[in-house]
Amino acid sequence: MKFSEEVLKAFDLEKKAERNPVNVMQVCQMLGFMKECSERIYQKSRLYLQCEDADLQLDCMDIVTAKLNDFVQVFKDLVIFIRKSENTHRGSSSLRYCMASFDTFEFHQTEAEKEFLRELLLRNEITHDYFNRELHQQKLIRIMQDCSEGAMDAYKNLNDYCTEHDLLDKFADRNA
């Protein structure tokens, strides 16, 4: 039996190129990702508050949880990159260190931003403490109700800082 080339191509049997993890990213790309996360956190928080459909509300909470995790990761990486570029990095990569370090930049922070950043540790609790899931969900709802726009404010402060200090075209190396 003879197969036609079209049938063989339809099975997509060619070996896929292997991809290696990328651990280097341009600061402007990191900020773009942070902006996307911030906007999704804010938008899904607003949608949660506006709707009464329990399934849609749970979907919004799931999305905010995922985006909060992404936000924290890029927040940490940006703060550490900035500290390394200033030669002021103390070697820690913990979220607490990055939150304290962010406060030393003397940004003009909105109240929502301050509150949102204080609550970033919830990400660790959600990720690692499923025993208290209901308590963490209540905290998440409070963030969604009271200060989700603070994520966008934090993004703006970091973006402005990186722009003013000519860091946008620099590359952050996660392994450095």
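Along each chain, residues carry numbers from 1 onward, in the same order as the chain's sequence is written. Side-chain atom pairs in this predicted model are given and counted only at pLDDT of 80 or more, local residue features only at pLDDT of at least 70, and totals for whole chains, interfaces and linings cover all residues. To get the side-chain values, take all heavy atoms of the structure and skip hydrogens and water.

From N to C terminus, the protein chain includes eight helices and two strands. The N-to-C order of helical and strand elements in the protein chain reads α-β-α-α-α-α-α-α-α-β. Only protein chains enter the accessibility calculation, which uses a 1.4 Å probe; a residue is then buried when its area is under 20% of its type maximum, exposed when over 50%, and partly exposed in between. When burial is assessed residue by residue, the protein chain has 36% of its 176 residues classed as buried. Here the analysis covers contacts within the protein chain between residues at least 6 apart in sequence; of these, 71% occur between residues at least 24 apart. Helix and strand assignments follow DSSP, with helices taken as H or I runs no shorter than four residues and strands as E runs no shorter than two, numbered in order from the N terminus. Contact criterion: two residues are considered in contact whenever any of their non-hydrogen atoms come within 4.5 Å of each other.

It is characteristic of soluble globular proteins that their nonpolar side chains tend to be buried jointly. We call a set of buried Ala, Val, Leu, Ile, Met, Phe, Trp, Tyr and Cys residues a nonpolar core when their side-chain atoms join them within 4.5 Å. Membership of the largest hydrophobic core comes to 46 residues, with the highest contact counts inside it found for Phe 71, Phe 75, Phe 102, Phe 116, Leu 120 and Leu 158. Listed by contribution, the elements that provide at least two residues to this core are helix H2 (27–50), helix H3 (54–86), helix H4 (95–103), helix H5 (111–118), helix H7 (133–146) and helix H8 (149–164). Among the elements that make up this core, the one with the highest residue count is H3 (13 residues). In this structure Leu 120 touches Leu 68, Phe 71, Val 72, Phe 75, Leu 95 and Met 99, once residues within four positions along its chain are discounted.

Our next topic: a nonpolar patch on the surface. Taken together, the side chains of Val 22, Val 24 and Phe 171 define a hydrophobic patch exposed on the protein surface, amounting to about 310 Å² of accessible area. Using a relative accessible area of 68% as the deciding quantity, one classes Val 22 as exposed. Patch building starts from residues that exceed 30% relative accessible area and form no salt bridge, then joins like charges within 9 Å and nonpolar side chains (Val, Leu, Ile, Met, Phe, Trp, Tyr) within 5 Å. Per-residue accessibility takes into account occlusion by the displayed protein chains alone, with areas from the Shrake-Rupley method and a 1.4 Å probe. Definition used for salt bridges: Asp or Glu carboxyl oxygen within 4 Å of a side-chain nitrogen of Lys or Arg.

Attention shifts here to the pattern of salt bridges. In the structure shown here, the tally under the stated rule is eight salt bridges. Linking Lys 114 and Glu 111 is a salt bridge whose minimum nitrogen-to-oxygen distance equals 3.4 Å. In this pair, Lys 114 and Glu 111 are both assigned in helix H5, three residues apart and thus about one turn of the helix distant. Take Glu 111: its relative accessible area is 56%, and that puts it in the exposed class.

Turning to the layout of surface pockets, a few remarks are in order. Site definitions follow a grid-based scheme: protein atoms alone, a 1 Å grid, a 1.4 Å probe that fits but cannot get out for cavities, and for pockets an open set with protein on both sides within 12 Å along at least five of seven lines, plus lining residues having an atom within 4 Å of a point. Grid points are joined across faces, edges and corners, and a volume is the space filled by probe spheres set on the points. Taken as a whole, the largest pocket holds about 550 Å³ of empty space. In terms of lining residues, the largest pocket is bounded by 21 residues, among which Met 30, Asp 77, Ala 172, Asp 173 and Arg 174 are the most central. Elements that contribute at least two residues to the lining of the largest pocket include exactly strand E1 (24–26), H2, H3 and strand E2 (171–173). Top contributing element to the lining of the largest pocket by residue count: H3, with eight residues.

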